[in-house]
Amino acid sequence: MQHELRGADILWEALKRGGVTRVFSLSGNHIMPVYDAAFEQGIEIIHVRHEAAAVHMADAWARLTGEVGVALVTGGQGHSNAVAALPTALADEVPLVLLSGHAPLNELGLGAFQETPQVDMAAPLCKAAWLTQSTAGLGADIARAFRIARSGRPGPVHVSLPTDVVEAKAAPTLPAEAAYEAAEMPLSTESAKAILAAIHGAERPFLIAGPALNTPNGKRARAALEAALGLPIALMESPRGLGDPSLGAFAEMLALSDCVVLLGKQVDFTLRFGRAPFVDAKARWIVIEPDARIMTRAVTALGARIAVGAMAAPLEAVATLATLATLATPHPQATWATAIREAIAYRPQAWQALAGKPGGPVHPATLGAALSGYVTPDTVLVADGGEIGQWMQACIQAPERVINGVAGAIGAALPFALAARAARPAGRILAVCGDGTFGFHMAEFDTAMRHDLPFVLVVGNDAKWNAEYQIQARDYGANRTHGCELSPGTRYDLVATALGGHGEFVERGEDLAAALDRAFASGKPACVNVLIEGLPAPNLRRT
Ligand SMILES: Cc1ncc(C[n+]2csc(CCOP(=O)(O)OP(=O)(O)O)c2C)c(N)n1
């Protein structure tokens, strides 16, 4: 008879076979057998202070490593806390697997402890969600979850794990490593040739990539296609869409384009649904899209303006296009390519005068200029929050960047920073968020201490939920702003020191550099709390 294993052991074996080296987790009754089985496994459990933080960490880990991130939480409220972080991963097209403990199958319908419709809760925010049914099938479930998370447009997958399933024993049937891989979804040579012909035939082609291409492999593929075509690719991953200040004045060039090429970028609110005047009504569209439902949406929005529509996974499609494009000549419109690059790089001249400006409260551009001086070739920039997030994304160019993404949900900065450190042990982790955003997960400084995951988190402290304040002031008048005030001068830096980290409090521009030097030199999880001017996010239109 084949040797039997506890379900929890099968689960870990299956995760290891999928290449998992660490999971982000918060314990609870339903997953105690899984914790017990972890002893022998050599997989690190980074245990956190809120389940949403575990999912955000799995998210940032996946973005930076290109692997599937794994979060492990308990059932009931542990699960619903975790679910709150799924929209960010879904909208930013991040492959992760949320494993949640669950009431035992043999108690369902009887009022079991924390019996909750967990799958129903997660399903709308995931590519797939299910309740695992059999101990012997746990391995296949994990491989399937990885495969779905990675295939086509990547995204989160949820599997609920009933305690009786993980406690029971069964003969393990572990899937082959290939079962974890993404299902192939290549771009046909015929479609690739048609797309390249359309790009070459256009005078002003504009290429846009979606968030799925912001992984290490995605970056390499984009760079290869850019080089082969001689055209830049704009990566759109911000909820500000055409107003994303990290892309400078790119929207002005998009409006002039006669051929928009979507490399897995969804047609949605960020593109103003492709409507004029944001895109010329006569422009032709090339849509590369892995998801039939979203392709249908593109057809609804663009109709006959779609010149070529192709179902393919973005990464595979870009790789195929790059290979075939190297066989052709680069796009002849070099001046157009230069104009796009200049538009993306555009930042107002006035910002230069703000660099090094003394006094306080500190202007966001002064802060951005100071932080830019700390960007090294191995820096990961994490930017979150409302207006401050936009300012920092506009001011700071870093080799790698993790932002809160298209979902526009604030709060993930601290978990992102921790996971970025885990993913880049030798790199520099520079995170920035607003004072409002800091509050969501500030207890994660404790996690960072316990797991020795240092970073520098700069809080732009303007004593308000400024993004919402700006909307109220703009739409209803400066005398009708309320519910957006936060306590002035709050010492968020002392949260870091109270939990064992390093804290700095900065009130004047001239004190920034010394505070940042000390924060980086501390080697600890650090909070640099800077009193800033609460200004609206930059509007980078030149016209
Ligand atoms: C989870 C979530 N809750 C609320 C919002 C609405 N919201 C967007 S930006 C913002 C203000 C953020 O304040 P802060 O982090 O201090 O940055 P600031 O805008 O002040 O620069 C709020 C409340 C959101 N996007 N996501």
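Above this text is the structure in question.
Presented here is an overview of the structure given in this document.

Cut-offs applied
- Residues numbered from 1 in each chain as written.
- Predicted model: local features only at pLDDT ≥ 70, side-chain atom pairs only at ≥ 80, totals over all residues.
- Heavy atoms only, no water.
- Axes fitted to C-alpha atoms, helices over the stretch in contact; angles between N-to-C directions.
- Helix = DSSP H or I, 4+ residues; strand = E, 2+ residues; numbered from the N terminus.
- Left-handed = near helix turned anticlockwise from the far one by under 90°.
- Contact = heavy atoms within 4.5 Å.
- Nonpolar A, V, L, I, M, F, W, Y, C, P; charged D, E, K, R; others polar.
- Near = heavy atom within 4 Å.
- Polar contact = N/O pair within 3.5 Å; in protein donor to acceptor, adjacent residues only side chain to side chain.
- Pairing = 2+ DSSP bridges.
- Phe/Tyr/Trp six-rings, centres within 6.5 Å; stacked < 30°, edge-to-face > 60°.
- Buried < 20%, exposed > 50% of the residue type's maximum accessible area, 1.4 Å probe, protein only.
- Lys NZ or Arg CZ within 6 Å of the ring centre and 35° of its normal.
- Expected span 1.5 Å × (residues − 1).
- Arc of directions from axis to C-beta.
- Parallel < 35°, antiparallel > 145°, perpendicular 65-115°, else oblique.
- Disulfide = S-S within 2.5 Å.
- Core = buried A, V, L, I, M, F, W, Y, C linked by side-chain atoms within 4.5 Å.

### Some details on the packing of helix α1 (residues 7-17) against helix α7 (residues 138-150)
Between α1 and α7, the shortest axis-to-axis distance is 8 Å and the interhelical angle comes to 35 degrees. Seen from above, α1 lies across α7 with right-handed handedness. The segment α1 lies against α7, with G7, I10, L11, A14 and L15 engaging L138, G139, I142 and F146. Tallied by class, the residues present in the contact of α1 with α7 amount to seven nonpolar, two polar and no charged.

### With respect to the site of the ligand
Around the ligand, the structure places 17 residues, and the nearest of them are G408, D435, G436, T437 and N466. Note that an oxygen atom of the ligand is positioned 2.9 Å from one of the backbone N or O atoms of K464. A467 places a main-chain nitrogen or oxygen 2.9 Å from an oxygen atom of the ligand. Elements supplying a minimum of two residues to the shell around the ligand: α17 (387-395), α19 (435-438) and α21 (466-476). Here the shell around the ligand is composed, by residue class, of five nonpolar, seven polar and five charged.

### Concerning the sheet that holds strand β14 (residues 379-383)
Read from one edge of the open sheet, six strands run β15-β14-β16-β17-β19-β18, paired in parallel fashion. In the strand order of this sheet, the two ends are held by β15 (400-403) and β18 (502-506), each with one partner. Between one strand and the next, the sheet's axes are offset by a mean angle of 15 degrees, whatever the strand orientation. The sheet contact formed by strand β17 (residues 456-461) and strand β19 (residues 526-531) spans six bridges and is parallel. Bridging across to β19, V458 finds its partner in V528. Relative to strand β16 (residues 428-434), α17 is tilted by about 140 degrees, and along the sheet it contacts β14, β15, β16 and β17. Lying over the sheet, helix α18 (residues 413-423) contacts β14, β15, β16 and β17, oriented at roughly 175 degrees with respect to β16.

### Structural notes on the packing of aromatic side chains
By the definition in use, this model includes nine aromatic pairs. Ring centres 6.3 Å apart and planes at 90 degrees place the aromatic pair F440 and W465 in the edge-to-face group. Residue F440 is located in the loop between α19 and α20 (444-450), and its partner W465 is located in the loop between β17 and α21; the two are separated by 25 residues in the primary sequence. Ring geometry for F445 against F455: centres 5.5 Å apart, planes inclined by 40 degrees, an arrangement best described as tilted. With F445 in helix α20 and F455 in the loop between α20 and β17, this residue pair connects regions lying 10 residues apart in the sequence. Of the two residues, F445 and F455, neither departs from the other in class, the shared state being buried. An aromatic cluster is present here, built from F438, F445, F455 and Y492 joined pairwise through their rings. The side chain of R144 reaches across the aromatic face of W130, ending 3.8 Å from its centre. Above the ring of Y469, the side-chain terminus of K464 is found at 5.1 Å from the ring centroid.

### Focus on the sheet that holds strand β13 (residues 306-311)
The strand order β10-β9-β11-β12-β13 describes an open sheet built from five strands, whose pairing is parallel. The outermost strands of the open sheet, each flanked by one partner alone, are β10 (233-235) and β13. Averaged over all neighbouring strand pairs, the angle between strand axes comes to 15 degrees, with direction disregarded. Contacting β9 (205-209), β11 (259-263), β12 (284-289) and β13, helix α9 (residues 189-201) runs over the sheet at an angle of about 150 degrees to β12.

### Observations concerning helix α10 (residues 216-229)
When the terminal C-alpha atoms of α10 are compared, their 20 Å separation across 14 residues agrees well with the 20 Å that a helix rising 1.5 Å per residue should span. Three or more residues of α10 are buried, namely G218, A221, R222, L225, A228 and L229. Viewed end-on, α10 has its buried residues packed into an arc of 130 degrees, placing them on one side of the element. Exposed side of α10, more than 90 degrees from the buried face: R220 and A227 are the residues found there. G230, located one to two residues past α10, shows a positive phi value of around 70 degrees.

### So, the packing of helix α3 (residues 51-65) against α18
Across the interface, α3 lies against α18 with an axial gap of 8 Å and an inter-helix angle of 45 degrees. Judged on the interaxial angle alone, α18 and α3 are oblique. The handedness of the crossing between α3 and α18 comes out as right-handed. Two secondary-structure elements touch here, α3 through A53, H56, M57, D59, A60, W61, R63, L64 and T65 and α18 through P415, F416, L418, A419, A420, A422 and A423. Looking at side-chain class alone, the contact of α3 with α18 contains 12 nonpolar, two polar and two charged residues.

### Topic: α17
With nine of nine residues buried, α17 lies mostly within the body of the structure. Among all positions in α17, only E387, I388, G389, Q390, W391, M392, Q393, A394 and C395 are buried.

### Considerations on the state of the cysteines
Working definition: the covalent bond between the sulfur atoms of two cysteines is a disulfide. Enumeration according to the criterion identifies zero disulfides in this entry. Distance from the sulfur of C433, which forms no disulfide, to the nearest cysteine sulfur (C527) is 7.7 Å. Take C433: its relative accessible area is 1%, and that puts it in the buried class. Residue C527 is classed as buried on the basis of its relative accessible area of 0%.

### Notes on the nonpolar core
Within the largest apolar cluster, 59 residues are counted, with the highest numbers of intra-cluster contacts made by I195, F206, L225, F250, L263 and L321. With six residues, helix α13 (residues 314-327) is the largest single contributor of residues to this core. With near-sequence residues (within four places) excluded, L225 lies in contact with L207, I233, L263, V318, L321, A322 and A325. Ranked by size, the runner-up nonpolar core spans 54 residues in total, among them V48, A412, A448 and V459.

### Some thoughts on unusual backbone geometry
Cis geometry marks the peptide bond from A276 to P277; its omega dihedral reads 5 degrees. The residue P277 is located in the loop between β11 and β12 in this model. The amide bond that connects G360 to the next residue, P361, takes the cis arrangement and shows omega of -5 degrees. One non-glycine residue, R272, lies in positive phi territory at about 50 degrees. When you line up the elements, R272 lands in the loop between β11 and β12. Of the residues examined, R272 reaches a relative accessible area of 41% and is grouped as partly exposed. One non-glycine residue, F273, lies in the positive phi region at around 55 degrees. In this fold, F273 is placed in the loop between β11 and β12. The class of F273 is partly exposed, set by a relative accessible area of 36%.

Just geometry here; none of it tells us what the structure is for.
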